[in-house]
Amino acid sequence: VLANVRGTGNSAGSFGFLSRDEQQDHYEIIEWIAVQDWSNGQVAGIGAGYYGTSQWHMAIQNPPHLACVAPFNGVLAPYQDWARSGGVATADFLNWYEGRIRDSHAFPNIGAARFIELDLRLELLRHPLLDEYWFPRSAMNYLDQIRIPVFMLGNWSSNAHHTNQSFRSFGLLPSSARMLTGNSVAGLQDMDLLENELLPFYQWCFSEQNPNNAHAQKARIRLAVR
């Protein structure tokens, strides 16, 4: 299931950038999947970037039918890692939003045009410091609520935010958490990564964390070197 968060794609509502409403939507989507005729009731997360970040907010809520998540380059602290790295505003963050979100919806390759109303530049001006706007959007503040297995994957060579927060957060996660970081440029397009890492992880999650599974035999923290 590939879901457009509220206010994007064909989803109703207004985009709120990791808002509480958006986080609640994740819970409801997961539980909706679980009761479909084509579903066996076991749901897992996959995705990179914003899809990876969303998985952290899924895991915090612990939906009954969410078995595990595998965020790739998922951001745990959007203020520090996206908006103001080291306290300095980063142009890449606004360029991502204006180009990949607003422009792509206003001038789509297919389908009807859509205007995303959220003015993220204005929000950054309103909230230059780590305040009440950023706190609920930061999964780092709620990691102690996660009860399901997490497999953290990331590319340290081009996404420093993954490396920075992943090591800081690892001790706050359940003992079932695993982390693999490296410099694979292919990311989730890497078939070896999918077959040798993600597939065993999902099989392990869906088999009640069988200790004989290939994933269970690996170290909790690993560095992949090309």
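Everything discussed here concerns the structure shown above.
Draft legend 1. Seen up close, the overall build of the protein chain. When helices and strands are counted, the protein chain shows 7 helices and 9 strands. Its C-alpha atoms give the protein chain a radius of gyration of 18 Å, near enough to 17 Å, the size a compact globule of 226 residues would have. For the protein chain, the spread of C-alpha atoms along the principal axes amounts to about 50 × 45 × 35 Å. By residue count, 48% of the 226 residues in the protein chain fall in the buried class. Excluding contacts between residues fewer than 6 apart, the proportion of contacts in the protein chain whose partners are at least 24 apart in sequence is 68%. Positive and negative side-chain charges of the protein chain, numbering 16 and 21 respectively, have mean locations separated by a distance of 6 Å.

Draft legend 2. Seen up close, the pattern of salt bridges. Under the criterion given, the structure shown has 5 salt bridges. The salt bridge involving Arg-6 is made with Asp-25; its shortest N-O contact spans 2.6 Å. With Arg-6 in the segment before helix H1 (20–34) and Asp-25 in helix H1, the pair connects residues that are 19 residues apart, well separated along the chain. For Glu-197, the salt bridge is made with Lys-218, and the minimal N-O distance between the two is 3.3 Å. One end of the pair, Glu-197, is in helix H7 (residues 191–206); the other, Lys-218, is in the loop between H7 and strand E9 (221–224), with 21 residues separating them in the sequence. Residue class for Lys-218 comes out partly exposed when judged on its relative accessible area of 26%. Salt bridges here are not isolated pairs; linked through shared partners, they connect Glu-197, Lys-218 and Arg-222.

Draft legend 3. Looking closely at the packing of H1 against helix H2 (residues 50–61). Direction vectors running N to C along H1 and H2 enclose 75 degrees, while the axes themselves pass 9 Å from each other. The angle between the axes of H1 and H2 places the two elements in the roughly perpendicular class. Contacts from Glu-22, Gln-23, Gln-24, His-26, Tyr-27 and Ile-30 of H1 reach H2 at Tyr-50, Ser-54, His-57, Met-58 and Gln-61. Of the residues belonging to the contact of H1 with H2, the class tally is 4 nonpolar, 6 polar and 1 charged.

Draft legend 4. Quick look at the environment of Ile-30. Looking at the secondary structure, you find Ile-30 in helix H1. Judged by its relative accessible area of 4%, Ile-30 falls in the buried class. Taking the C-alpha atoms as reference points, Ile-30 and Gly-41, 11 residues apart in sequence, are found 9.3 Å from one another. Residue contacts for Ile-30: discarding those within four places in its chain leaves Val-43, Met-58, Pro-63, His-65 and Leu-66.

Draft legend 5. Spatial organisation of the packing of aromatic side chains. For the structure on display, the rule yields 19 aromatic pairs. Between Tyr-133 and Trp-134, the aromatic rings sit 5.2 Å apart at their centres with planes inclined by 85 degrees, giving edge-to-face as the arrangement. On the basis of relative accessibility, which here comes to 1%, the residue Trp-134 falls in the buried class. Ring pairing ties together the aromatic residues Phe-15, Phe-17, Tyr-50, Tyr-79, Trp-82, Phe-93, Trp-96, Tyr-97, Tyr-133 and Trp-134, which thus form one cluster. It is Arg-137 that lies over the ring of Tyr-133; its NZ or CZ is 3.9 Å from the centre. Positioned above the aromatic ring of Trp-204, the side-chain terminus of Arg-178 is 5.6 Å from the ring centre.

Draft legend 6. Structural detail: helix H4 (residues 91–106). The first and last C-alpha atoms of H4 sit 21 Å apart over 16 residues, in line with the 22 Å expected at 1.5 Å per residue. Three or more residues of H4 are buried, namely Phe-93, Leu-94, Tyr-97, Ile-101, Arg-102 and His-105. As for H4, its buried residues are in contact with helix H3 (78–83) and helix H5 (120–126).

Reading the values: the criteria
Residues numbered from 1 in each chain as written. Predicted model: local features only at pLDDT ≥ 70, side-chain atom pairs only at ≥ 80, totals over all residues. Heavy atoms only, no water. Helix = DSSP H or I, 4+ residues; strand = E, 2+ residues; numbered from the N terminus. Rg over C-alpha atoms; globule rule 2.2 N^0.38 Å. Buried < 20%, exposed > 50% of the residue type's maximum accessible area, 1.4 Å probe, protein only. Contact = heavy atoms within 4.5 Å. Lys, Arg positive; Asp, Glu negative; His and termini not counted. Charge placed at Lys NZ, Arg CZ, Asp CG, Glu CD. Salt bridge = Lys/Arg side-chain N within 4 Å of Asp/Glu carboxyl O. Axes fitted to C-alpha atoms, helices over the stretch in contact; angles between N-to-C directions. Parallel < 35°, antiparallel > 145°, perpendicular 65-115°, else oblique. Nonpolar A, V, L, I, M, F, W, Y, C, P; charged D, E, K, R; others polar. Phe/Tyr/Trp six-rings, centres within 6.5 Å; stacked < 30°, edge-to-face > 60°. Lys NZ or Arg CZ within 6 Å of the ring centre and 35° of its normal. Expected span 1.5 Å × (residues − 1).

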